[in-house]
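Fold and contact review
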Number of protein chains: 2
Amino acid sequence: MSRAMFSTSYSAAKAPNGGAQGLLSGERQAANVCAAILAEDIGYMTKIAVSQHFSAGQTLLNEGEPASRFAIIGEGAVKIYKLMLDGRRQITGFLFAGDLLGLTFAPDYSYSAEALGEVRLHRLPRQQFERLLDERPAMARHFLALASTELAAAQTQMVLLGRKSADEKIASFVLMLSDRELSRDRNGRTIDLPMTRTDIADYLGLTTETVSRTFTRLKNRGWIALETAGLITILDRDALANLAEGGDMPETGGRVFASPGFGARPILRSSHRHEVRAA
Amino acid sequence: MSRAMFSTSYSAAKAPNGGAQGLLSGERQAANVCAAILAEDIGYMTKIAVSQHFSAGQTLLNEGEPASRFAIIGEGAVKIYKLMLDGRRQITGFLFAGDLLGLTFAPDYSYSAEALGEVRLHRLPRQQFERLLDERPAMARHFLALASTELAAAQTQMVLLGRKSADEKIASFVLMLSDRELSRDRNGRTIDLPMTRTDIADYLGLTTETVSRTFTRLKNRGWIALETAGLITILDRDALANLAEGGDMPETGGRVFASPGFGARPILRSSHRHEVRAA
DNA sequence: CGCACCTTTGAATTGTGTCAATAGCAGTGG
DNA sequence: CCACTGCTATTGACACAATTCAAAGGTGCG
């Protein structure tokens, strides 16, 4: 569902089903074919690229530097971010294996990237990448579709940053990572957090303290379990999903165990709400 | 500098110089050539598209609906937004003449769009648009570059939403619109606001009241003038720019007239700041 | 000139940031 | 194996920026 800025895994298109229909719609199938071709392109690029290794904390690229290389993440996790002049930081995305890094047509990188742990990168000189785009006309289209997906994800993140409360942000974040796991291998119930609380805070527009407090609150509510600081378990996915989307607050709805008088009230009063289309 | 989601005016590439160097760098020139070709593509599309008229408040497209058509804005201003289940709204961008609307490769639109005033749209069936991409291999690349620019703009907006104070948000917003004007015709000192305070609030992650109060504050500080609610004048661009980027707070820096004890203190304490690369 | 909507201003409330201190955990070295 | 060091995470107390509630101007239009 998420990922980030020009970087979404090429497998994003064949992501979690979301709904529960058994069969894929024609459109979905088409998307999968597309993703498969793109995967092929990326597989090829990975082969001709130069493999490079990085350790936790190492800078992979810096905002403002000439965008001379393009990379595919082979292994590990990466954070990309922008800094304000006074040092305030906004992490615009976390990238994982298969995601693209540093794709741009501007002269310089528009963000910085840092390894969250051990990272393997497959790097390609920009010129070579652009040559590939020329040689394979279909490739540009695939990347365009990818960018389109990225853009939609960015908009979703804007909703989170601009309109969600701390609780809703954390719930959304947890579900986001969970969906990621689901789309790959695991069951999506146990989630690994390769990033620090500060990273999470800078991604969600909060502070470390608030992130910590909010995790604790969700834990006390019985919705998640904190195995260790870097490993959590989802105990009540429905409750989290409801919270994340700002659905009608726990009116003891579908779920049985009434959510204990939980006041995660929305940020905006009713007069600030807009009419929701009947659709 | 901004614009938004898959929609940036194709003239964005030849945007305001920003710096003050007299000559364009080679890279910039290349970008201009690129933009020119893209403009040609778009000009062609406009010709074969169907022109359609809308009035203020009319919905141009709805989030979740099948993305059947693609459009170029011929005239007028448009807001695109996403709604939460409870009606909270996040406007992810304002679009103007020349901007693209509804470009996606997903089955459905990921956002809604509404006319801010009288709007003329040049619409193209999605299939026809995709056929064009096939016929003109270079076109996909141009749109890819465009999307890349959009993505960078989206990240910039995330910094605003996640890390800026109300004052900084408004200052950034005003400058953003000013830069837009600059890149076209006017001097960029007088700025037209075709959107309401509520729209601005939903774009910046604030409430109407806060937007109003903040405009008043900037006015009292002598940095802007409010001719009418929909027309403002920039009186001190440097002060606004400094505020917008979170530069060192008014320590009576370069500017002469000391900013009256202004406490627009940053959102994060020093221990929450990150080291800024010497670059 | 009166309705409808938008904007501005005031007063009170509160979610989240700030400051401060303690707890947890990994790695190092004696 | 344990003390020591350096981080990161958690928790508490308090402050404040921005929201909520409320009401008074403005402005445009039929």
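None of these values were measured; they are calculated from a predicted model. (Residues numbered from 1 in each chain as written. Chains lettered and ligands numbered in written order. Predicted model: local features only at pLDDT ≥ 70, side-chain atom pairs only at ≥ 80, totals over all residues. Heavy atoms only, no water.)

1. Some thoughts on the environment of B:E135
All names here are of chain B.
- Position of E135 relative to the elements: it lies in helix α2 (residues 126-135).
- According to the relative accessible area criterion, E135 is exposed, its value standing at 54%.
- Spatially, the C-alpha atom of E135 lies 22 Å from that of P107, the residues being 28 residues apart in sequence. (Helix = DSSP H or I, 4+ residues; strand = E, 2+ residues; numbered from the N terminus. Buried < 20%, exposed > 50% of the residue type's maximum accessible area, 1.4 Å probe, protein only.)

2. Details of the nonpolar core
- Core analysis: the largest hydrophobic core is formed by 73 residues, its most contacted members being A:F173 and B:F173.
- Apart from residues lying up to four places away in sequence, B:F173 is in contact with B:F94, B:L193, B:M195, B:I200, B:Y203 and B:L204.
- If you look at the next biggest cluster of nonpolar residues, it comprises 42 residues, including A:L103, A:L146, B:L124 and B:A140. (Core = buried A, V, L, I, M, F, W, Y, C linked by side-chain atoms within 4.5 Å. Contact = heavy atoms within 4.5 Å.)

3. A word on the relation of the copies chain B and chain A
- At an RMSD of 0.0 Å, chain B and chain A line up after a rotation of 180° and a shift of 0.0 Å along the axis. The relationship between the two copies is best expressed as a two-fold rotation axis. When C-alpha positions in chain B are compared against the rotation axis, the closest is assigned to B:L144, at 2.5 Å.
- Interface overlap between copies is the fraction of interface residues in one copy that are interface residues in the other; for chain B against chain A it reaches 100%, indicating a shared surface. (Least-squares fit on C-alpha atoms with pLDDT ≥ 70 in both.)

4. Concerning the interface of chain B and chain A
- The interface of chain B with chain A comprises 69 residues on the first partner and 69 residues on the second.
- When the two sides are added together, the surface that chain B and chain A hide from each other amounts to roughly 6,000 Å², 63% of it contributed by carbon and sulfur.
- Across the contact surface, chain B and chain A share six salt bridges.
- Linking chain B with chain A are 32 residue pairs in polar contact (both at pLDDT 80 or more).
- Listing elements by their share of the side of chain B that touches chain A, those giving two or more residues are β4 (78-83), β5 (89-95), α2, α3 (137-163), α5 (197-204) and α6 (208-220) of chain B.
- Examining the composition of the side of chain B that touches chain A, we find that 20 residues originate from one element, α3(B), more than from any other.
- In the side of chain B that touches chain A, the residues fall into 29 nonpolar, 20 polar and 20 charged. (Buried area = accessible area lost by both parts, 1.4 Å probe. Salt bridge = Lys/Arg side-chain N within 4 Å of Asp/Glu carboxyl O. Polar contact = N/O pair within 3.5 Å; in protein donor to acceptor, adjacent residues only side chain to side chain. Nonpolar A, V, L, I, M, F, W, Y, C, P; charged D, E, K, R; others polar.)

5. Observations concerning the pairing of strand β8 (residues 119-125) of chain B
Residues and elements named next belong to chain B.
- With respect to burial, β8 is a largely interior element, five of its seven residues being buried.
- Alignment of strand β1 (residues 50-54) against β8, held across five bridges, turns out to be antiparallel. Bridge pairing in β8 places H53 opposite R120.
- As paired elements, strand β3 (residues 69-75) and β8 share six bridges and run antiparallel to each other. Each residue of the ladder has a partner; that of A71, found in β8, is R123. (Pairing = 2+ DSSP bridges.)

6. Quick notes on the sheet that holds strand β6 (residues 100-101) of chain A
All names here are of chain A.
- If you walk across this open sheet you meet the four strands as β1-β8-β3-β6, and the pairing is antiparallel. The outermost strands of the open sheet, each flanked by one partner alone, are β1 (50-54) and β6.
- The sheet strands contacting helix α2 (residues 126-135) are β3 (69-75) and β8 (119-125), and the helix crosses β8 at an angle near 70°. (Axes fitted to C-alpha atoms, helices over the stretch in contact; angles between N-to-C directions.)

7. Some details on the sheet that holds β1(B)
- Judged by pairing direction, the sheet is antiparallel, and its four strands sit side by side in the order β1-β8-β3-β6 (chain B) without closing on themselves. Among the strands making up the open sheet, the edge pair consists of β1 and β6 (100-101) of chain B.

8. Some remarks on helix α7 (residues 237-244) of chain B
All names here are of chain B.
- Residues A239, L240, L243 and A244 constitute the buried set of α7. Angularly, the buried residues of α7 cover 130° about the axis, an arc narrow enough to put them on a single face.
- The inward-facing, buried residues of α7 contact α4 (166-182), α6, β10 (224-228) and β11 (231-234).
- Immediately beyond the C-terminal end of α7, within one or two residues, lies G246, with a positive phi of roughly 65°. (Arc of directions from axis to C-beta.)

9. Concerning the pairing of strand β5 (residues 89-95) of chain A
- The buried count for β5(A) comes to seven of seven residues, which makes it a mostly enclosed element.
- Here strand β4 (residues 78-83) of chain A folds back onto β5(A) in antiparallel fashion, the turn holding five residues, of which A:G87 has a positive phi close to 100°.

10. A few points about the packing of helix α4 (residues 166-182) of chain A against helix α6 (residues 208-220) of chain A
All names here are of chain A.
- Two elements in contact, α4 and α6, have axes whose closest approach is 10 Å; the angle formed by their N-to-C orientations is 75°. Classed by the angle they form, the pair α4 and α6 counts as roughly perpendicular. Between α4 and α6, the contacting residues are A166, D167, I170, A171 and V174 on the first element and T210, V211, T214, F215, R217 and L218 on the second.
- Among the residues forming the contact of α4 with α6, the class breakdown is seven nonpolar, two polar and two charged. (Parallel < 35°, antiparallel > 145°, perpendicular 65-115°, else oblique.)

11. A look at the confidence of the model for chain A
Residues and elements named next belong to chain A.
- Looking at chain A as a whole, its pLDDT mean stands at 84, while 79% of the residues score no less than 70.
- Within the model, the stretch residues 1-6 combines pLDDT values under 50 with 33 contacts to residues more than four positions away or in other chains.
- In the predicted structure, residues 249-266 sits below a pLDDT of 50 and forms 22 contacts with residues beyond four places in sequence or in another chain. (pLDDT = per-residue confidence, 0-100.)

12. What about the side chain of A:R89?
- Within the secondary structure, A:R89 is located in strand β5.
- A distance of 2.9 Å separates the side chain of A:R89 from the side chain of A:D199, its partner in a polar contact.
- A distance of 3.3 Å separates a polar atom in the side chain of A:R89 from a polar atom in the side chain of B:H274.
- Ignoring any residue separated from it by four or fewer positions in sequence, one finds A:R89 in contact with A:K79, A:Y81, A:K82, A:L83, A:T198, A:D199, A:D202, B:R163 and B:H274.

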